[in-house]
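Per-entry structural report
Here is what each chain is made of, one letter per residue.
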Amino acid sequence: MALLEVKNLQKSFGELEVLKGISFSMEQGENLSIIGPSGGGKTTLLRCLNFLEIPTGGSIAVGGRTLFDASDAKTVSEREIRRNRLHFGLVFQNFNLFPQYTALENVALALKLQAKSEAGNGAARKEINARIDAQCAELLGRVGLGDKLDFYPHQLSGGQQQRVAIARALALRPEVLFFDEPTSALDPELTGEVLRVIRKLAEEKMTMVIVTHEMGFAEAVSDQVLFIDGGLIAEQGSPEQVFRNPQSERTRQFLGSYR
Amino acid sequence: MFQTVLQSLNLGFLKALQIFGLTLLGGIPLGFLIAFGSMSRWKLLRFPVKTIVWIVRGTPLMLQLLIIYYGPGILLGNNIWGGSTGGRFTAAVVTFIFNYACYFSEIFRGGIQGVPRGQREAGQVLGLTNTQIFFKVTLMQVIKRIVPPIGNEIITLVKDTSLVRVISVYEIIWNGEKFIKSAGIIWPLFFTGLYYLLFSGLLTLLLGWIEKKLDYFKV
């Protein structure tokens with residue numbers, strides 16, 4: 001059974017139809033890249049999947065359970081949406097780290113707040129928090145920042161900030177991790193260190209959806225590629241198919257601009 | 001003579017300090033409430049709130065003192081403040097809180113809206129509630145942004161307290177001025193200036209210290 005199944009997802013802003021019906025599914029451990037021109041709906045798709053925008057049509061299911069169905073009002077309440085978000089993690093183009101917290105605090109914040117609402121303020125919580133800190137420090141170690149735990153975002157380079165953001169998203173153990181152009185705000189030198197982390201996650205079989213303009217990277221790590229243009233999937237298939245043997249004229253034209 | 005003047009000025013300054021402290025105590029929370037009102041999604045709330053802020057910021061504080069103190073008695077035939085010294089003081093404090101809350105609210109609104117949308121969204125995708133996002137993510141960044149403009153208002157407030165004399169609350173300048181009539185001396189007035197200078201100097205140091213404390217992160 002597919003881990004993530006998106007059916008006929010639509011999003012309009014007033015008269016403007018940004019997503020015109022996107023459907024795809026992916027298996028556990030799969031890595032899906034989304035490419036396409038700016039304004040084609042890639043970012044809106046990710047925002048819809050993370051419920052930062054509420055889709056105007058279609059459905060989203062995880063592991064066979066429907067999280068969201070535009071035709072079912074029950075699934076669109078604020079509480080329900082907040083709970084459903086936890087199935088997913090999102091890494092932003094601009095990192096969006098919390099500037100007043102250290103790298104470790106950024107990664108640990110959500111877990112600690114969860115522990116607080118579950119365990120209250122007792123002595124047990126101190127122990128829980130210590131465990132969360134250890135766990136988050138280990139995560140930061142995995143993205144190569146074990147020596148930067150107490151650094152504030154402004155003391156880190158863009159690439160380091162993005163790696164903290166990845167650790168922060170991983171801390172909640174999402175079933176699917178989404179990346180919205182994770183290296184677009186970085187210069188080429190820093191891009192490499194972030195891509196290496198994502199590649200490592202792919203090797204560890206993390207289920208990921210990556211919106212990217214790094215065509216070489218998408219071709220190398222993806223199991224599936226979507227080319228989205230004008231709110232629709234213009235081409236879909238293995239990286240081999242999409243990059244080496246594109247069927248649609250639009251895809252050929254778009255990829256041509258990268259050569 | 002010197003002793004008499006000093007005693008009188010101290011009393012007046014104490015009154016000014018009370019108004020100053022109570023205005024901050026009431027004006028800051030009320031300012032936050034007004035700020036949220038002026039950012040509300042509901043027109044029915046946002047519109048009246050914005051109108052009130054416009055009126056309060058668009059008219060002199062001195063006029064507001066006079067209307068708030070005398071208005072109820074003359075218009076409603078019921079002086080809700082009572083005629084006593086305490087009543088006049090209460091009217092002054094209420095007016096100040098309301099006036100300063102309106103100024104604060106605009107600073108808070110700017111501070112809150114100045115936090116990038118991505119901060120809120122980062123909190124959302126981490127499953128934080130709106131309350132958690134406000135207190136754990138937004139608030140600290142707002143505070144850092146608003147310390148300088150709020151500092152400005154606070155320094156202004158120190159000196160604005162002298163306006164309460166129009167409804168006969170005896171603050172420090174009133175107490176200094178009375179020696180012109182009774183003793184023909186003006187140096188007590190210069191002295192009042194010294195009180196203001198010292199106090200605003202102290203506040204400047206305090207505000208600078210707070211700014212420095214918040215220097216550990218950048219927004």
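The structure we're discussing is the one just above.
Attention here is on the structure that accompanies the text. (Residues numbered from 1 in each chain as written. Chains lettered and ligands numbered in written order. Predicted model: local features only at pLDDT ≥ 70, side-chain atom pairs only at ≥ 80, totals over all residues. Heavy atoms only, no water.)

Digging into the overall build of chain A
Helix and strand counts for chain A come out as 9 helices and 10 strands. Here chain A has a C-alpha radius of gyration of 19 Å; the compact-globule value for 259 residues is 18 Å, and the two agree. Across its three principal directions, the C-alpha atoms of chain A cover 60 × 45 × 35 Å. The 259 residues of chain A split such that 56% are buried. Across chain A, the fraction of contacts at a sequence separation of at least 24, relative to all contacts at a separation of at least 6, is 67%. When the accessible surface of chain A is summed, it comes to about 11400 Å², and 46% of that surface belongs to carbon and sulfur atoms. Side chains of chain A carry 29 positive and 32 negative charges; the gap between the two charge centres is 5 Å. (Helix = DSSP H or I, 4+ residues; strand = E, 2+ residues; numbered from the N terminus. Rg over C-alpha atoms; globule rule 2.2 N^0.38 Å. Buried < 20%, exposed > 50% of the residue type's maximum accessible area, 1.4 Å probe, protein only. Contact = heavy atoms within 4.5 Å. Areas by Shrake-Rupley, 256 points an atom, 1.4 Å probe, with all protein chains shown as cover. Lys, Arg positive; Asp, Glu negative; His and termini not counted. Charge placed at Lys NZ, Arg CZ, Asp CG, Glu CD.)

Brief notes about the interface of chain A and chain B
Contact residues are listed per partner, giving 24 residues for chain A and 22 residues for chain B. A buried area of about 2100 Å², summed over both sides, lies between chain A and chain B, and 62% of it is on carbon and sulfur atoms. On the chain A side of the contact with chain B, Phe98(A), Gln100(A) and Leu113(A) bury the most area, a combined 26% of that side's loss. Where chain A packs against chain B, one counts 1 salt bridge. Between Glu121(B) and Arg47(A) there is a salt bridge, with the nearest N and O atoms lying 2.7 Å from each other. For the pair chain A and chain B, the number of links is 7 residue pairs in polar contact (both at pLDDT 80 or more). For the side of chain A that touches chain B, the secondary structure elements donating two or more residues are helix 2 (78-85), strand 6 (88-91) and helix 3 (103-119) of chain A. (Buried area = accessible area lost by both parts, 1.4 Å probe. Salt bridge = Lys/Arg side-chain N within 4 Å of Asp/Glu carboxyl O. Polar contact = N/O pair within 3.5 Å; in protein donor to acceptor, adjacent residues only side chain to side chain.)

Description of the sheet that holds strand 2 (residues 16-26) of chain A
Residues and elements named next belong to chain A. Strand order across the open sheet formed by 4 strands is 2-1-4-5, with antiparallel pairing between neighbours. In this open sheet, the two edge strands, each paired with only one partner strand, are strand 2 and strand 5 (65-69). Here the average twist between neighbouring strands, direction ignored, is 20°. Across 4 bridges, the pairing between strand 4 (residues 57-62) and strand 5 is antiparallel. When the sheet's bridge partners are listed, Ser59 is paired in strand 5 with Asp69. (Pairing = 2+ DSSP bridges. Axes fitted to C-alpha atoms, helices over the stretch in contact; angles between N-to-C directions.)

Brief notes about the packing of aromatic side chains
By the definition in use, this model includes 22 aromatic pairs over all chains. Considering the side-chain rings of Phe98(A) and Tyr101(A), the 6.4 Å spacing of their centres and the 85° angle between planes classify their relative orientation as edge-to-face. Neither Phe98(A) nor Tyr101(A) differs from the other in exposure class; each is buried. Arranged with centres 5.2 Å apart and planes meeting at 80°, the rings of Phe20(B) and Phe199(B) form a pair that is edge-to-face. Within this pair, whereas Phe20(B) is found in helix 1 (residues 2-38), its partner Phe199(B) is found in helix 8 (residues 187-213), the two being separated by 179 residues in sequence. This pair shows no difference in class: Phe20(B) is buried, exactly as Phe199(B) is. (Phe/Tyr/Trp six-rings, centres within 6.5 Å; stacked < 30°, edge-to-face > 60°.)

Considerations on the sheet that holds strand 6 of chain A
All names here are of chain A. One open sheet holds the 6 strands; their spatial order is 6-7-8-3-9-10, and the pairing between them is mixed. Where the open sheet ends on each side, the last strands, each with one partner, are strand 6 and strand 10 (232-237). On average, each strand axis in the sheet is tilted by 20° relative to the strand beside it, whichever way the strands run. In this sheet, strand 8 (residues 208-211) lies alongside strand 3 (residues 31-35) in parallel orientation, the contact comprising 4 bridges. Bridge pairing in strand 8 places Leu32 opposite Val209.

Quick notes on the side chain of Ser38(B)
All names here are of chain B. Relative to the assigned elements, Ser38 resides in helix 1. A distance of 2.9 Å separates a polar atom in the side chain of Ser38 from the backbone oxygen of Ala35. Not counting residues within four places of it along the chain, the set of residues in contact with Ser38 comprises Arg46, Val49, Lys50 and Arg109.

Quick look at the environment of Gly146(A)
Assignment of secondary structure puts Gly146(A) in the loop between helix 4 (123-142) and helix 5 (158-171). Linking Gly146(A) and Leu104(A), residues 42 residues apart in sequence, is a C-alpha distance of 9.5 Å.

Here we look at the pairing of strand 7 (residues 176-180) of chain A
Residues and elements named next belong to chain A. With 5 of 5 residues buried, strand 7 lies mostly within the body of the structure. Residues of strand 7 alternate between two faces, with Val176, Phe178 and Asp180 on one and Leu177 and Phe179 on the opposite face, all of them buried. With 4 bridges joining them, strand 7 and strand 8 adopt parallel strand pairing. Residue Asp180 lies in a different strand from strand 8, and its bridge partner there is Val211. Note on the crossover from strand 7 through helix 6 (residues 188-203) to strand 8: the handedness is right-handed. (Right-handed = clockwise from strand over helix to strand, strands pointing away.)

Concerning a nonpolar patch on the surface
Residues and elements named next belong to chain B. A contiguous nonpolar patch, built from Tyr70, Ile74, Leu75 and Leu76 and spanning about 520 Å² of accessible area, is present on the exposed surface. Residue placement: Leu76 occurs in the loop between helix 3 (61-75) and helix 4 (85-113). What makes Leu76 exposed here is its relative accessible area of 65%. (Patch = residues over 30% accessible without salt bridge, like charges linked within 9 Å, V, L, I, M, F, W, Y side chains within 5 Å.)

Side note on the nonpolar core
All names here are of chain A. The biggest cluster of nonpolar side chains holds 80 residues, and the ones touching the most others in it are Leu4 and Phe24. If one sorts the elements of this core by residue count, helix 3 sits on top with 9 residues. Beyond its immediate stretch of four places on either side in the chain, Phe24 contacts Leu4, Glu5, Val6, Leu32, Leu45, Leu49, Leu226 and Gln236. (Core = buried A, V, L, I, M, F, W, Y, C linked by side-chain atoms within 4.5 Å.)

Observations concerning helix 2 (residues 43-58) of chain B
Residues and elements named next belong to chain B. The terminal C-alpha atoms of helix 2, which comprises 16 residues, lie 21 Å apart, in line with the 22 Å expected from a rise of 1.5 Å per residue. Regarding helix 2, the residues found buried are Val49, Val53 and Val56. Seen from one end, helix 2 has its buried residues packed into an arc of 70°, which puts them on one side. Exposed and facing more than 90 degrees away from the buried side of helix 2 are Lys43, Leu44, Phe47, Trp54 and Gly58. (Expected span 1.5 Å × (residues − 1). Arc of directions from axis to C-beta.)

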